[in-house]
Amino acid sequence: MLARMLALSFLSVITLALAVNAYKSHLQQANRHHHEVAAAAAGRCRTPPTRQSSSAPDPVTQSALLVGAALPTGIPVSASDAVPSHSKSWTTIVVKPTPSSSSTQTELVRDNVLSAAVPAPVASTPAPGIAEEKVAAASKTSAFTPNGIKAGIAGGDSYPYVKDHIGWWYDWSPTPSKAGKPIGVPMLWGGGTADATDAARLKAFQQLKTVPVYVLGFEEPDCAPGSGSAGMTVDAAVSKWEQLMAPLKAKGAKLGSPSMCKQADETWLAEFAKKIKTSWDITAIHVNKNSLDGVKKDIDHYKKYGKPIWVTEFACVADNPNFVPCTNQAQINKFIQDIVPFFESHPDIYAYAYSNGLGLGNVWPMTTSDGKLSASGKAYLNAISEFH
């Protein structure tokens, strides 16, 4: 009997021990399952790098560690939207995608401060083509760019051929008028004393009934009157400016400065700027050069006035020591091909116009004697068509 009782007691102890072990195992499995569920709910959990170091890994190494992970595609959003993985002293931020992009970036964080972003490997996309870059350069618009298009013409002869590719034009008169979207910009050409045409233009300007969006000031007043120059003293110009231009600005027009005959060698405009009470809004300049380096010199000179620049006339001319228009068609074509992209991309130039003015020979003008588009005109049309 005693032996049977001892045997039963021993079996009971073994059974109890097995039950305890089974219960512990059940608790461990339940606990593991709980953590897995919690981790799954947190979303996109990532295994931290197995190599731990007290020093920060370099960006290349850090990026390489991430290559094995299935990174989401997209552009970086704020760090608060990122899911961090854990390392000893640096944390890798795997930035979640947004619908508007197809690139992925990661960022390194140390002591909760974001370091520079390190691009993660992504599928390559084609670089923007030349045409796209030109469109981007031409996309800069402002209230100082007529119709949002920089390109224009001085003189209306070529208007029918280029009207769909320019934003503005003028013909040195106070009342330019042609059908179409390009804005005709009026001009106060001179003081009325240079010749009969100047006198007629002044009278017509005084009779303007509407306020133009833009209006240009005097035509080359720093050179002697005649041959396309107004020839005015600074004091006479200041008087006419305050009498006729200032009221237009008060009503909302944007004023273009007098344009200089002597380009970067001028001193007239600097004196005029000191004497007027009503400042201009746009620095209007003429550029007669035969190389891009010469053009840059003129632009750099007029940047000192701190205003948006309109190149109201440009032409291919050897201007030193004498004014000699270009006659070689290949040289003219090259000049146009250089200068148009330069104007389009320059942040200080808001408009420019091909000059059909006086004294430019018979090769530079945009139209031939019978009114057709010349080779030079075609070169300009082709150049601006790349942008507009």
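Parameters at a glance
- Residues numbered from 1 in each chain as written.
- Predicted model: local features only at pLDDT ≥ 70, side-chain atom pairs only at ≥ 80, totals over all residues.
- Heavy atoms only, no water.
- Phe/Tyr/Trp six-rings, centres within 6.5 Å; stacked < 30°, edge-to-face > 60°.
- Helix = DSSP H or I, 4+ residues; strand = E, 2+ residues; numbered from the N terminus.
- Buried < 20%, exposed > 50% of the residue type's maximum accessible area, 1.4 Å probe, protein only.
- Arc of directions from axis to C-beta.
- Contact = heavy atoms within 4.5 Å.
- Disulfide = S-S within 2.5 Å.
- Salt bridge = Lys/Arg side-chain N within 4 Å of Asp/Glu carboxyl O.

A. Representation of the packing of aromatic side chains in the model. The full count for this structure, using the stated rule, is 22 aromatic pairs. Geometrically, the ring pair formed by Phe144 and Tyr350 is edge-to-face, given 6.2 Å between the ring centres and 80° between the ring planes. On the criterion of sequence distance, the pair formed by Phe144 in the loop between helix 3 (130-138) and strand 5 (151-154) and Tyr350 in strand 13 (residues 349-355) is long-range, its members being 206 residues apart. Here Tyr350 falls in the buried class, since its relative accessible area comes to 17%. A centroid spacing of 6.4 Å and a plane angle of 55° characterise the contact between Phe218 and Trp241, whose relative ring orientation is tilted. A residue pair is termed long-range when its members are at least 10 positions apart, and Phe218 in the loop between strand 8 (214-216) and helix 6 (234-250) and Trp241 in helix 6 qualify at 23 residues. Just as Phe218 is buried, Trp241 falls in that class too.

B. Looking closely at helix 7 (residues 268-275). For helix 7, the complete set of buried residues consists of Trp268, Leu269 and Phe272. Buried positions in helix 7, seen along its axis, are confined to an arc of 85° and lie on one side of it. Looking at the buried side of helix 7, the elements it contacts are helix 6 and helix 8 (292-302).

C. Layout of the state of the cysteines. Evaluated as defined, the whole model comprises 2 disulfides. Disulfide pairing is shown between Cys223 and Cys261; the S-S distance is 2.1 Å. Residues Cys223 and Cys261 are joined through a disulfide that is left-handed, its torsion about the S-S bond being -70°. Placement of Cys223 in the loop between strand 8 and helix 6 and of Cys261 in the loop between strand 9 (254-256) and helix 7 is noted, with a sequence separation of 38 residues between them. Listing the disulfide partners of the protein by sequence rank of the bonded cysteines yields 1-2, 3-4.

D. Quick peek at the pattern of salt bridges. Under the criterion given, the structure shown has 8 salt bridges. A salt bridge links Lys275 to Glu271, with the shortest nitrogen-to-oxygen separation between them at 3.2 Å. Pair noted here: Lys275 and Glu271 are both in helix 7, with a separation of 4 residues, about one helical turn. When its relative accessible area of 38% is taken as the criterion, Lys275 is described as partly exposed. Here the salt bridges do not stand alone but share partners, grouping Asp235, Glu271 and Lys275 into one network.

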